[in-house]
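# Inside the fold
Spelled out, the chains give:
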Amino acid sequence: MTQLTAMFVMFVLYGMLPAAGLYLGYRGIKKVTAPKMLEYKAMPQLGYIPEKSLPEDVKTVLTQINQKGEKLRLIYGDTNNDGKIDDKDTVNETYIMIQNLMDTHIPNAVADYRRLHDLDGALADTTKIKHSNVTGKEALLEVLGTINTQFDDLLNASYHQDGQKLLVTNRYLQKRFDNPKTDADVPSLNNISDSVKVTHDSDRSSPKDNNIKL
């Protein structure tokens, strides 16, 4: 082994490997100790918020809204029923309202509460807002509760609307099957002429005369 090779091996063993180990250890510790972020698929704007920065009851309502909002987006956004929302779907007012609530109003309400909480956490959770009878936390829960109730109403309306469609379809099919119509009349057996006779010996030839020669 030449001196240059030996120096290279020493550099790898005592330089690069320890440095890589320290870096990976630092990344691992940082990942473990990093605050867990909120994850709401239907409301990605809330993904940057640490879980510990919101009270449990607020996170509970947000989870409910996220689940209902995801269902409603497909119900009112996937108008051609192909399982995805794209340019082929027809946008309606209900879908736009749902999107605005999840993309704008809810993140803004949560951001307003977090600013109040950052100023003074105890104040936001215990002190009534001026000219009102609610605290900052209660005000946020009222906003989220209103949206949650609205989402329940939309889900119920969709359920009954689709249910009525099923009832109408069933009544239509029952009417069709109870009163079938055919394009051609099928002849009855009673109309078949009685003149048709079945001859068991049709496969035999009849002799022209009765004279049998021995």
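Residues numbered from 1 in each chain as written. Predicted model: local features only at pLDDT ≥ 70, side-chain atom pairs only at ≥ 80, totals over all residues. Heavy atoms only, no water.

### Quick word on the side chain of Asn148
Relative to the assigned elements, Asn148 resides in helix α5 (residues 136-178). A residue is classified by how much of its surface remains accessible, and Asn148, at 11% relative accessible area, is buried. The residues touching Asn148, leaving out its near neighbours within four places in the chain, are Val61, Gln64, Ile65 and Lys68. (Helix = DSSP H or I, 4+ residues; strand = E, 2+ residues; numbered from the N terminus. Buried < 20%, exposed > 50% of the residue type's maximum accessible area, 1.4 Å probe, protein only. Contact = heavy atoms within 4.5 Å.)

### Some remarks on the packing of helix α3 (residues 93-119) against α5
Taken N-terminus to C-terminus, the directions of α3 and α5 make an angle of 165°; their axes are 10 Å apart at the nearest point. Comparing the axis directions of α3 and α5 gives the class roughly antiparallel. Seen along the crossing, α3 lies across α5 with a hand that is left-handed. Of the residues in α5, those touching α3 at Thr94, Met97, Ile98, Leu101, Met102, Ile106, Ala109, Val110, Tyr113 and Leu116 are Gly136, Lys137, Leu140, Val143, Leu144, Ile147, Gln150, Phe151 and Leu154. Here the contact of α3 with α5 is composed, by residue class, of 15 nonpolar, 3 polar and 1 charged. (Axes fitted to C-alpha atoms, helices over the stretch in contact; angles between N-to-C directions. Parallel < 35°, antiparallel > 145°, perpendicular 65-115°, else oblique. Left-handed = near helix turned anticlockwise from the far one by under 90°. Nonpolar A, V, L, I, M, F, W, Y, C, P; charged D, E, K, R; others polar.)

### So, the packing of helix α2 (residues 56-77) against α3
It is the contact of α2 with α3, at a shortest axis distance of 9 Å, that shows an interaxial angle of 155°. Judged by the angle between their axes, α2 and α3 are roughly antiparallel. α2 and α3 meet at a crossing whose hand is left-handed. In this structure, α2 uses Leu62, Ile65, Gly69, Leu72, Arg73, Tyr76 and Gly77 to contact α3, whose residues at the interface are Thr94, Tyr95, Ile98, Gln99, Met102, Ile106 and Val110.

### Thoughts on unusual backbone geometry
A negative phi angle is the norm for most residues apart from glycine, just as the trans form is the norm for most peptide bonds. Phi angles above zero are rare outside glycine, and His131 is one such case at about 65°. Within the element layout of this structure, His131 appears in the loop between α4 (121-126) and α5. Assessed through its relative accessible area of 78%, His131 is described here as exposed.

### Looking at the pattern of salt bridges
For the coordinates displayed, the defined rule picks out 6 salt bridges. Between Asp57 and Lys137 there is a salt bridge, with its nearest N and O atoms 3.2 Å apart. Of the two residues, Asp57 is situated in helix α2 and Lys137 in helix α5; the sequence distance between them amounts to 80 residues. Classification of Asp57 by relative accessible area gives partly exposed; the value is 31%. In this structure, Glu138 engages Lys128 in a salt bridge whose closest nitrogen and oxygen atoms are separated by 3.6 Å. Of this pair, Glu138 sits in helix α5 while Lys128 sits in the loop between α4 and α5; the two residues are 10 residues apart in sequence, bridging distant segments of the chain. (Salt bridge = Lys/Arg side-chain N within 4 Å of Asp/Glu carboxyl O.)

### With respect to a nonpolar patch on the surface
Residues Tyr172, Leu173 and Phe177 make up a contiguous nonpolar surface patch of about 360 Å² in total accessible area. With respect to the helices, strands and loops of the structure, Leu173 is situated in helix α5. According to the relative accessible area criterion, Leu173 is partly exposed, its value standing at 35%. (Patch = residues over 30% accessible without salt bridge, like charges linked within 9 Å, V, L, I, M, F, W, Y side chains within 5 Å. Areas by Shrake-Rupley, 256 points an atom, 1.4 Å probe, with all protein chains shown as cover.)

### With respect to α3
With 27 residues, α3 should cover 39 Å at 1.5 Å per step; its first-to-last C-alpha distance of 38 Å lies within 8% of that length. Helix geometry: α3 is bent most strongly at Leu101, by close to 40°. Residues Tyr95, Ile98, Gln99, Leu101, Met102, Ile106, Pro107, Ala109, Val110, Ala111, Tyr113 and Arg114 constitute the buried set of α3. Lining the buried residues of α3 we find α2, α4 and α5. Residue Asn92 occupies the N-cap position of α3, its side-chain oxygen lying 3.3 Å from the main-chain nitrogen of Thr94. (Expected span 1.5 Å × (residues − 1). Bend = angle between axes of the 7 residues up to and from the residue. Polar contact = N/O pair within 3.5 Å; in protein donor to acceptor, adjacent residues only side chain to side chain.)

### A few points about the nonpolar core
Leu62, Ile106 and Phe151 are the most contacted members of the largest nonpolar core, which totals 27 residues. Every element with two or more residues in this core is listed here: α2, α3 and α5. Here Leu62 is in contact with Tyr40, Met43, Leu46, Leu54, Ile106, Val110 and Leu144, once residues within four sequence places are set aside. (Core = buried A, V, L, I, M, F, W, Y, C linked by side-chain atoms within 4.5 Å.)

### Considering the environment of Ala124
Here Ala124 lies in helix α4. Overall, Ala124 belongs to the buried group, its relative accessible area being 5%. Along the sequence, Ala124 and Arg114 sit 10 residues apart, while their C-alpha atoms lie 8.9 Å from each other. Every residue in contact with Ala124, bar those within four places of it in the chain, is listed here: Tyr113, Leu116, His117, Thr135, Gly136 and Lys137.

None of this, on its own, says anything about what the molecule does.
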